[in-house]
Amino acid sequence: MAVLNSKVPDGHISEKWTNHKFSIKLINPANKRKYDIIVVGTGLAGSSAAASLAELGYNVKAFTFHDSARRAHSIAAQGGINAAKNYQNDGDSVYRLFYDTVKGGDFRSREANVHRLAEVSNNIIDQCVAQGVPFAREYGGLLDNRSFGGAQVSRTFYARGQTGQQLLLGAYSALNRQVGKGKVKMYTRKEMVELVVVNGKACGIITRDLATGEVEKHSAHAVILATGGYGNVYFLSTNAMNCNVTAAWRAHRKGAFFSNPCYTQIHPTCLPVHGEGQSKLTLMSESLRNDGRVWVSKKKADMRAPGDIPEDERDYYLERKYPSFGNLSPRDISSRSAKEAVDDGRGVKGGEAVYLDFRDAINRLGQPAIEEKYGNLFEMYETITGENPYKVPMMIYPAPHYTMGGLWVDYNLMSNLPGLFVLGEANFSDHGANRLGASALMQGLADGYFVIPYTIGDYLASEKPELIPTDHEQFVKEESEINDLVKRLLATNGEHTVDEFHKKLGRIMWNKVGMARNEAGLKEAIEEIKEMRDSFWDEVKVVGGAEGVNQTLERAGRVVDYLELGELMARDALERNESCGGHFREEYQTNEGEALRDDQNYTHVSAWEFNDVGDWTHHKEDLNFEYVKLATRSYK
Amino acid sequence: MSAANINLKLKIWRQEGPNVVGNFTDYDVEVSPDSSFLEMLDELNNSLEKEGKDPVAFESDCREGICGTCGLVINGQPHGPVPKIATCQLHMRNFNNGDTIWIEPFRAKAFPIIKDLMVDRAAFDDVMYAGGFVSVNTGGVPDANEIPIQKDVAAEAFDAAACIGCGACVAACKNASAMLFVSAKVSQFSLLPQGQPEKYERVQQMVKVMDEKGFGSCTNTYACEAECPKGISVKNISRMNRDYLVSKAVSKTV
């Protein structure tokens, strides 16, 4: 289909990015100040993009719904960031990082994008160190690395268990510098609620101020969305409470294609659910699997305490099934294996949890060594559960964590809507059907520091510096539609709270569009979501008014979008008659229960065009694997 | 896990907006001891909404103690009775059946109340805009391993960098001083080689804005360190004071 042009440059994979940088258009330094760029979201991708573009001379307006740019959810990433530095002399290279990422993504990502990601990975580490990011170091004063799932080299840089916080504070510091210089205008507590498109081009946004309720119009020559993923569609996920799909979804409704929404990552090491009142799930870094051993009892509904289960009655199922990667098998495989054990009745005391045990590592390395590596994670576990993981094994269970799908973008990270760029988790581009650990931070910063500063020029160079004024009829129309939406939500006055709807949707999504999907369940999910969407507008109760703080109203607007997205996720999963990465269709598996891809029919990116609520047109972008040979992903 | 539910009386600060008088309102709740403190407030809000009443406005985001968004004064202590955690990490097993719990916002002149338990901490960002960075542009930096840093120096810088910017130090201080927050950032860069070229200018700029924003002075009570969820040390304050004094002697500005 001609609609989707990925604009992947010609040439050998290792030369594509270099050639592209030379061939794309530039804007001379004196002219950059004539262009305004809106950046929505201030996580790793947004902050790094806003700072880097401002350094180049563009006028940047940065928006966050948080009270400060530093709060974005990138901050919660624990484990680390990958780079092909080969500081450990263990055979790493740009090509190996590229290869591992394509394979880890189960051959459903765009080769050229992934290679570029691997190429710039090393620049990211250099940049962060120069900013003063305190990465872990060896006694000789040089940087330390550790290994992560899906890789056989140690290429992950880390900052205790808070790599995300330190990287975000680095990007935030670069942003601060530009705010101080007046090159970035910072807008906090402003949620993007609409994209404005004039003459087929993105030219501004409508925001709602979360402290005052004021609806505002902002125009620019280009709009960048770096607004994260949609994992909170499940209600319970490891995402922060306020993570949402609204900015991306409203852009989708305005014409931006949404790609591969069914690719969701269920993270294997999260804390189990404690009860109905649970508000979110907590992730324990995958790095724990470097030293922790995952096991369950060999017996069903074994009610013994873990210490009373003898060694020969334990099933270290990852080590048994995947001897070469063992406990460091990729996330999708580890999650599904946990589900299999639990479905088989062999979860902890017959329930939804498996053990992550540090006994052997503590015996081998001593408790101080484990404390140094994972101290804060162990403390966090004890704070939440009241149990001491140095003494009893941790209990873990998979939870929704990351979404590989997102808005479709070309090689320049521009969506099919000219002028709309999408970075970080919000786009679909680099992780295929499954993201490897420590690759999200890498992608967010790659997009923001080292890709968009080049590629946005290619678009802006053909744009005239005249700005579309915010009193243009389209801006006025969008503003009044947002005011109408707010009024409608406040006027419904039904019987069920916003959270009740969200929880109900989350349960449908988790049960039928979660770790394992099948045709019947997906069809049910689509019908149930449609019914919920209808009842929402009769039965929802949003208290309070349009002015001032109204957190219920904020959440209501987000749930409206989830009720549409949920259906698209189910449709996408239903259309993809294969299993790949985070998308596991029960009908498509090998005799051993492994994912069965269908390369003949599904080596493509799905891109959905919004026609109306519940009505989409399906487009495809074919994926060509010229360098990494399509193969069954094996970690055995 | 899964002990019996507990019953509690909550006395929560309600204030409709920035410039109106607030007061404590009583609520009775029943909650699982495995719930977090904020999940208890979620449940309270859900029941208030069902009754058509205005829910209690409070902020939180990651609920993992790292984003610094949440922050309540619980029974007089910022982030509550358990040391070295943020409010979101406080669990109800730390309370007993029949307890009365007082819940207030972080109070400081520089943190005006927006609504109920929500405050405006933009003053922290303003301090950071003034100097919370190393002036390097994207690209053109040396290879990461060309800047070797002694392991213990890196660790000390890290201890300072662990600040989550929640503002508990300000809420804990009888003078509402921001010295712990500002000194943590100043120290991170002051300790690292990357921060040396701007060391003195940075401390002057950040202290200047800190003073302008209405934060109080430090009188060395160390309440900030005691309440800090990340255990940021008051040693950072001494380091900042030292840098500041030296900066006056060596620098052209101020």
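Residues numbered from 1 in each chain as written. Chains lettered and ligands numbered in written order. Predicted model: local features only at pLDDT ≥ 70, side-chain atom pairs only at ≥ 80, totals over all residues.

**What about the overall build of chain B?**
Scanning chain B from terminus to terminus reveals eight helices and seven strands. A buried classification covers 54% of the 254 residues belonging to chain B. In chain B, the share of contacts with a sequence separation of at least 24, taken over all contacts with a separation of at least 6, comes to 71%. (Helix = DSSP H or I, 4+ residues; strand = E, 2+ residues; numbered from the N terminus. Buried ≥ 20, exposed ≤ 12 C-beta atoms within 10 Å, placed from the backbone. Contact = placed C-beta atoms within 7 Å.)

**Re the packing of helix α5 (residues 179-191) of chain B against helix α6 (residues 199-212) of chain B**
All names here are of chain B. Look at α5 against α6: their axes get within 10 Å of each other, and the N-to-C directions meet at 170°. Between α5 and α6, the crossing angle belongs to the class labelled roughly antiparallel. Residue-level inspection shows Val182, Val186, Phe189 and Ser190 of α5 in contact with α6, the latter providing Lys199, Arg202, Val203, Met206, Val207 and Met210. Partitioned by chemical class, the residues of the contact of α5 with α6 number seven nonpolar, one polar and two charged. (Axes fitted to C-alpha atoms, helices over the stretch in contact; angles between N-to-C directions. Parallel < 35°, antiparallel > 145°, perpendicular 65-115°, else oblique. Nonpolar A, V, L, I, M, F, W, Y, C, P; charged D, E, K, R; others polar.)

**Topic: the sheet that holds strand β14 (residues 354-357) of chain A**
All names here are of chain A. Strand order in the open sheet formed by five strands is β11-β15-β14-β12-β13, and the pairing between neighbours is antiparallel. Taken across any chain shown, the strands that pair with only one partner, and hence form the sheet edges, are β11 (264-270) and β13 (314-315). Of the strand pairs in this sheet, β14 and strand β15 (residues 394-403) are connected by three bridges, and their pairing is antiparallel. By the bridge assignment, Val354 is partnered in β15 with Ile396. (Pairing = 2+ DSSP bridges.)

**With respect to the packing of α6(B) against helix α8 (residues 235-250) of chain B**
To characterise two packed helices, one gives the angle between the axes of the helices and the distance between these axes. Residues and elements named next belong to chain B. Viewed as axis vectors pointing N to C, α6 and α8 meet at an angle of 110°, and their least axial separation amounts to 9 Å. The pairing of α6 with α8 is recorded here as roughly perpendicular in orientation. Here α6 runs over α8; the crossing is left-handed. Packed against α6, whose contacting residues are Lys199, Tyr200, Val203, Gln204 and Val207, the element α8 presents Met240, Asp243, Tyr244, Val246, Ser247 and Val250 at the interface. Split by residue class, the contact of α6 with α8 holds seven nonpolar, two polar and two charged. (Left-handed = near helix turned anticlockwise from the far one by under 90°.)

**As for the domain arrangement of chain B**
Residues and elements named next belong to chain B. Examined at the domain level, chain B breaks down into domain 1 (6-115) and domain 2 (122-250). Between the C-alpha centres of domain 1 and domain 2 the distance comes to 29 Å. The interface of domain 1 with domain 2 comprises 18 residues on the first partner and 16 residues on the second. Residues belonging to the side of domain 1 that touches domain 2 are distributed by class as follows: 10 nonpolar, five polar and three charged. (Domains from an automatic or database assignment.)

**Some points on the interface of chain A and chain B**
A common way to report how large an interface is uses the accessible area buried once the components associate. Between chain A and chain B, the residue contacts involve 64 residues of the former and 67 residues of the latter. Those elements giving two or more residues to the side of chain A that touches chain B turn out to be α3 (44-56), α5 (111-131), α6 (163-181), α11 (367-385), α12 (440-460) and α16 (551-575) of chain A. Per element, the largest residue contribution to the side of chain A that touches chain B is nine residues, and it comes from α6(A).

**Remarks on the domain arrangement of chain A**
Residues and elements named next belong to chain A. Partitioning chain A into structural domains gives domain 1 (29-263 + 404-460), domain 2 (267-399) and domain 3 (473-603). In this structure, domain 2 and domain 3 have C-alpha centres spaced 30 Å apart. Taken together, the contact pairs six residues of domain 2 with six residues of domain 3. With five residues, helix α9 (residues 331-343) is the largest single contributor of residues to the side of domain 2 that touches domain 3. Its residues placed into classes, the side of domain 2 that touches domain 3 shows one nonpolar, one polar and four charged.

**Thoughts on the sheet that holds strand β7 (residues 201-209) of chain A**
Residue and element names in this part refer to chain A. Read from one edge to the other, the open sheet built from three strands follows the order β6-β7-β8, with strand pairing classed as antiparallel. Looking at strand neighbours, the two that pair on one side only are β6 (190-198) and β8 (215-219), the edges of this open sheet. Averaged over neighbouring strand pairs, the angle between their axes works out to 25° when direction is ignored. The pairing of β7 with β8 spans five bridges and is antiparallel. Its bridge partner lying in β8, Thr207 is registered against Glu216.

**A look at the pairing of strand β5 (residues 100-104) of chain B**
Residue and element names in this part refer to chain B. Pairing of strand β1 (residues 6-14) with β5 involves four bridges; the strand directions are parallel. Each bridged residue has a counterpart across the sheet, and for Ile12 the counterpart in β5 is Ile103. With two bridges joining them, strand β3 (residues 73-74) and β5 adopt antiparallel strand pairing. Its bridge partner being in β5, Ile74 is matched across the sheet by Ile103.

**Description of the environment of Asp612(A)**
Counting through the fold element by element, Asp612(A) comes out in strand β20 (residues 604-612). The spacing of Asp612(A) and Arg253(A) is 359 residues in sequence and 8.0 Å in space, taken between C-alpha atoms.

**So, the environment of Arg70(A)**
Along the chain, Arg70(A) turns up in the loop between β2 (59-63) and β3 (81-82). C-beta crowding within 10 Å serves as the criterion here: with 29 such atoms nearby, Arg70(A) is assigned to the buried category. Distance in space between the C-alpha atoms of Arg70(A) and Thr42(A) is 7.4 Å, their sequence separation being 28 residues. With residues near it in sequence (within four places) discarded, Arg70(A) still touches Ile75(A), Leu168(A), Leu169(A), Tyr172(A) and Gly165(B).

**Considering α6(B)**
Residues and elements named next belong to chain B. Look at α6: 21 Å from first C-alpha to last across 14 residues, which is about the 20 Å you get at 1.5 Å a residue. Looking at the buried side of α6, the elements it contacts are α2 (122-131), α5 and α8. Looking at the residues trailing α6, positive phi occurs at Gly214, about 90°. (Expected span 1.5 Å × (residues − 1).)

**Let's talk about unusual backbone geometry**
Within the chain, Asn260(A) stands out as a residue other than glycine whose phi angle is a positive 45°. Residue placement: Asn260(A) occurs in the loop between β10 (258-259) and β11. Asn260(A) gets classed as buried once you count the C-beta atoms within 10 Å, which come to 31. We note that Asp116(B) has phi near 45°; this positive angle belongs to a residue other than glycine. By the secondary structure assignment, Asp116(B) is in the loop between β6 (113-115) and β7 (118-119). According to the C-beta neighbour criterion, Asp116(B) is buried, with 25 such atoms within 10 Å.

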